[in-house]
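Coordinates in review
Listed here are the chains, written in short residue letters.
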Amino acid sequence: MNWILVALGGALGAVSRYGITLVTDSYFKSNLISILLVNILGSIILGLFIGYSLNKQTFSSEYNLFLAIGFLASFTTFSTITVNTIQLASEGEYLKASINILATLILGLIAAFVGLYLGKIIAP
């Protein structure tokens, strides 16, 4: 059953990421925005989940398998950030490369902090 939970979460995370990528790419004509968006969303969702679960003793491990390991692991993308940053730098786009990595890191940390804080607040 654990494998199925991870697989289902992973499939939903991948499809969600693809959907967000299609929508944002049509507006911004750049996959950098969609990658940043999914990683910020993933950070806040994981923060909410962890913050909530820290204060709730009866939180089931199945939720962790489905949401954190399955859904969010396929929804967010560290490898794409690093490859895009290297590609930008090797094309001489040093400012874009720096903004890409710094924005992802700083905004991701802020989103995770906010998620953890909100998760602790809403936990019973």
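We now turn to the structure provided with this report. (Residues numbered from 1 in each chain as written. Predicted model: local features only at pLDDT ≥ 70, side-chain atom pairs only at ≥ 80, totals over all residues. Heavy atoms only, no water.)

Before going further, it helps to examine the overall build of the protein chain. The number of helices and strands found in the protein chain is 5 helices and 0 strands. Listed by position from the N terminus, the elements making up the protein chain come as α-α-α-α-α. On the principal axes, the C-alpha backbone points of the protein chain span a range of 50 × 30 × 25 Å. For the protein chain, buried positions account for 27% of its 124 residues. Counted over contacts in the protein chain with a minimum sequence separation of 6, partners at least 24 positions apart contribute 73%. When the 5 basic and 4 acidic side-chain charges of the protein chain are each reduced to a single mean position, those positions are 10 Å apart. (Helix = DSSP H or I, 4+ residues; strand = E, 2+ residues; numbered from the N terminus. Buried < 20%, exposed > 50% of the residue type's maximum accessible area, 1.4 Å probe, protein only. Contact = heavy atoms within 4.5 Å. Lys, Arg positive; Asp, Glu negative; His and termini not counted. Charge placed at Lys NZ, Arg CZ, Asp CG, Glu CD.)

All right, on to unusual backbone geometry then. Its identity is not glycine, yet lysine 29 carries a phi of approximately 55 degrees, on the positive side. Here lysine 29 lies in the loop between helix H1 (2-28) and helix H2 (31-54).

Moving on to the environment of leucine 22. Note on placement: leucine 22 falls in helix H1. With 12 residues separating them in the primary sequence, leucine 22 and serine 34 have C-alpha atoms 8.3 Å apart.

Scanning all chains against the criterion turns up 1 aromatic pair. Their ring planes at 20 degrees and their centres at 5.4 Å tell us that phenylalanine 71 and phenylalanine 75 sit as a pair that is stacked. Separated by 4 residues within a single helix, phenylalanine 71 and phenylalanine 75 lie in helix H3 (residues 61-75), roughly one turn from each other. Neither residue differs from the other here; phenylalanine 71 and phenylalanine 75 are each classed as buried. (Phe/Tyr/Trp six-rings, centres within 6.5 Å; stacked < 30°, edge-to-face > 60°.)

Bringing the environment of serine 79 into the picture now. Counting through the fold element by element, serine 79 comes out in helix H4 (residues 78-90). Under the relative-accessibility criterion, serine 79 is labelled partly exposed at 46%. Distance from serine 79 to leucine 46, taken between C-alpha atoms, is 18 Å for residues 33 residues apart in sequence.

This paragraph deals with the packing of H2 against H4. Following both chains from N to C, one finds H2 and H4 inclined at 150 degrees, their axes separated by 11 Å at the closest point. Relative to H4, the element H2 lies roughly antiparallel. For the pair H2 and H4, the crossing hand works out as left-handed. Residue-level inspection shows Asn31, Leu32, Ile35 and Asn39 of H2 in contact with H4, the latter providing Thr80, Ile81, Asn84 and Leu88. Looking at the contact of H2 with H4 residue by residue, the classes come out as 4 nonpolar, 4 polar and no charged. (Axes fitted to C-alpha atoms, helices over the stretch in contact; angles between N-to-C directions. Parallel < 35°, antiparallel > 145°, perpendicular 65-115°, else oblique. Left-handed = near helix turned anticlockwise from the far one by under 90°. Nonpolar A, V, L, I, M, F, W, Y, C, P; charged D, E, K, R; others polar.)

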